[in-house]
Amino acid sequence: MRIRGRLLTRMARHYGLTALVLLAVGSTSVWAAPPPPGPSLPHYAGVTDLQDAFLSPSTWIQVTADRDRVILDSAAIEAQNARMRAEDKSLHDLRALPAQLPRADVVRELKALSTWPDKQLYGVDGQLITAAQRTAIEANLAAGAIADHRELRYGLVTHRAALRTFPTMLRVFSRQGDTDIDRFQESALFPGDAVAVLHESADGEWLFVTSERYTAWIESRFVGIGATDKVLNFGSMKPFLVVTGATEYTVFTPEEPRVSRLQLDMGVRLPVIDTWPAQQPVNGQHKHAGIVVGMPVREADGSLAFKPALIPRSADVSADYLELTPRNLYLQAFKFLGERYGWGHSYDTRDCSGFVSEVYRSFGILMPRNTSAQAVSPALDRIAFSAKDSKAKRMEAVKNLQPGDLVYIPGHVMMTLGHLNGHTWMIHDTAGGSWFGPDGRWVDAHLNGVSVTPLELMMASETVSYIDRITNIQRMRTKTP
């Protein structure tokens, strides 16, 4: 309450108390009385019409009258997740995989991912990737070693790990000097994620795996292979905790380096060991100031084991998934504000689709990994647009956006904050960002992180706006008939 009081005092001092009530037409969200634009902080940091106060979740909480409305309760979320697993073809049911993998299935998955691109690729040094490098990488696929049938194995991820197009950590780029978007980076998996092992690389250092949301290569040193039931049941063990901060870490411990200082991203779920003896140290430390969790580890022979680890009580974690309300959506999304953009979860951060899926994961909501699948998922309440749809239809949909609604343009997704000062404001994780400034000049910004911008002013090119390019809007609510 003290934080919100200081914020309101500051806003009143900067902007005055006169306000305009904005009501989203046809929406269940009522926007309370926000301050009008103030002359003292115009175009904060060069973003047109952005004001400093808009970068605080408290502002959005304050202007949303139904801020504590439950959007979906736990039963509705469970039903939506079940629908997602049943209807969305981008997800994989690990329990439904055959015990014996036919060679044709593995080859099909391998070709779908690990096909060398036609365009030229450059290394970090700006030099072209050579034919010899390509030959070595493709040889490591070991495509000729895929057996006619192989026994399916399961494992748990033990450390935040990259998912790669090929079994290599060689970073490659489409343009010289543009070293942010590694074209071999697909995604990442987190401690406790379950995988099915489909194949191994020739050098034995990589596994070709399927997780619930992705199929790609992962370093074998980050996967412990174990019994099917232990692997597949790990994510449903109780009691548990959920990471609700942007990133948290296990406590440092020299006694057990495998569980020391592990990064845990928002939404990671871990079982709590509530029976740990009070006076028994956890890796050399008393447990009173921490929470004891069970962590999967990889033994020297590659097998799965479990070790206790401590999460400090000061960490941003919860004993259950958070309640899905506008207030909590704002609080969770803004925990990432300013984080560097990380294509495919590079840089130990995340990209646009990772950002929105990890925010929603803290509420227990399952989403596909990529924007292409998220945008058309049949399990969500989707509003689709085509090139034939008029600007008026698009603007009407924008006017009716509610907190947490996801707006998709080709290759990108944004999360709705709300309507304020004549604009619809979005929070999104973006590598770019362009608009026309107040003077009419083109601004080609390099936002390169989680940012707050006005939707109406964002431009995909100098002649096409983001609104013109909207392909889908997805909403977390009971599906309309």
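Treat the numbers as computed from the prediction; the structure is a model and nothing was measured.

What counts and how
Residues numbered from 1 in each chain as written. Predicted model: local features only at pLDDT ≥ 70, side-chain atom pairs only at ≥ 80, totals over all residues. Heavy atoms only, no water. Pairing = 2+ DSSP bridges. Helix = DSSP H or I, 4+ residues; strand = E, 2+ residues; numbered from the N terminus. Axes fitted to C-alpha atoms, helices over the stretch in contact; angles between N-to-C directions. Contact = heavy atoms within 4.5 Å. Parallel < 35°, antiparallel > 145°, perpendicular 65-115°, else oblique. Left-handed = near helix turned anticlockwise from the far one by under 90°. Nonpolar A, V, L, I, M, F, W, Y, C, P; charged D, E, K, R; others polar. Core = buried A, V, L, I, M, F, W, Y, C linked by side-chain atoms within 4.5 Å. Buried < 20%, exposed > 50% of the residue type's maximum accessible area, 1.4 Å probe, protein only. 1 Å grid on protein atoms, 1.4 Å probe; cavity = no way out; pocket = protein on both sides within 12 Å on 5 of 7 lines; lining within 4 Å. Points joined across faces, edges and corners; volume = space filled by probe spheres on them.

A.B. asks: How should I be thinking about the sheet that holds strand β18 (residues 406-409) in this particular structure?
C.D. replies: Whenever strands of a sheet pair, they do so through backbone hydrogen bonds, lying parallel or antiparallel. With antiparallel pairing, six strands are arranged side by side in an open sheet as β17-β24-β18-β19-β20-β23. Each having just a single partner strand, β17 (381-384) and β23 (449-454) make up the two edges of the open sheet. In this sheet, adjacent strand axes meet at a mean angle of 25° when their direction is disregarded. In this fold helix α7 (residues 326-334) packs onto β19 (412-420), β20 (423-430) and β23, with an angle of close to 125° to the strand it touches most, β19.

A.B. asks: Where do I start with the packing of α7 against helix α8 (residues 352-361) in this structure?
C.D. replies: A packed helix pair is summarised by two numbers, namely the angle formed by the two axes and the spacing between the axes. Orientation of α7 relative to α8, taken along the N-to-C sense of each, is 130°, at an axis distance of 10 Å. Relative to α8, the element α7 lies oblique. When you trace α7 past α8, the crossing you get is right-handed. The segment α7 lies against α8, with Leu329, Gln332 and Ala333 engaging Phe355, Val359 and Tyr360. Its residues assigned to classes, the contact of α7 with α8 shows five nonpolar, one polar and no charged.

A.B. asks: Would you explain the nonpolar core in this entry?
C.D. replies: Across soluble globular proteins, nonpolar side chains have a tendency to be buried as a group. Among the nonpolar cores identified, the biggest contains 59 residues, and Ile218, Val293 and Met295 are the most heavily contacted of them. Here this core gets five residues from one element, more than from any other, and that element is strand β6 (residues 194-200). With residues near it in sequence (within four places) discarded, Met295 still touches Pro191, Val259, Leu262, Leu264, Leu270, Ala305, Phe306, Lys307 and Ala309. Core analysis: the next-biggest nonpolar cluster, separate from the first, contains 58 residues, Trp60, Phe336, Phe385 and Trp425 among them.

A.B. asks: When you look at the layout of surface pockets in this model, what are you seeing that I'm missing?
C.D. replies: Where empty space is left can be seen by rolling a probe of water-molecule size over the atoms. When its volume is computed, the largest pocket comes out at roughly 1500 Å³. Looking at the largest pocket, it is lined by 49 residues, and the ones nearest its centre are Arg85, Glu212, Gly235, Tyr321 and Leu366. Of all the secondary structure elements, the ones that give two or more residues to the lining of the largest pocket are α3 (74-87), β5 (185-189), α6 (228-233) and α8. Considering every element that reaches the lining of the largest pocket, the biggest residue donor is α3, with six residues. In the lining of the largest pocket, the residues fall into 24 nonpolar, 11 polar and 14 charged. Considered as a void within the structure, the second largest pocket measures approximately 800 Å³ in volume. Lining the second largest pocket we find 35 residues, and of these Ile181, Tyr341, Trp343, Gly411 and Ala431 sit closest to its centre. Secondary-structure elements contributing two or more residues to the lining of the second largest pocket are β5, α8 and β20. Here the lining of the second largest pocket is composed, by residue class, of 11 nonpolar, 14 polar and 10 charged.

A.B. asks: Honestly, unusual backbone geometry in this entry has me stumped. Any pointers?
C.D. replies: Keep in mind that most residues, glycine aside, have a negative phi and that most peptide bonds are trans. Cis geometry marks the peptide bond from Lys238 to Pro239, where omega comes out at -10°. Inspection of the secondary structure assignment puts Pro239 in the loop between α6 and β10 (240-243). Backbone geometry at Ala142 places phi at a positive 55°, although glycine is not the residue there. Take Ala142: it is sitting in the loop between α5 (131-139) and β2 (149-151). Even without a glycine there, the phi angle at Asn448 is positive, about 50°. Tracing the sequence through the fold places Asn448 in the loop between β22 (442-444) and β23.

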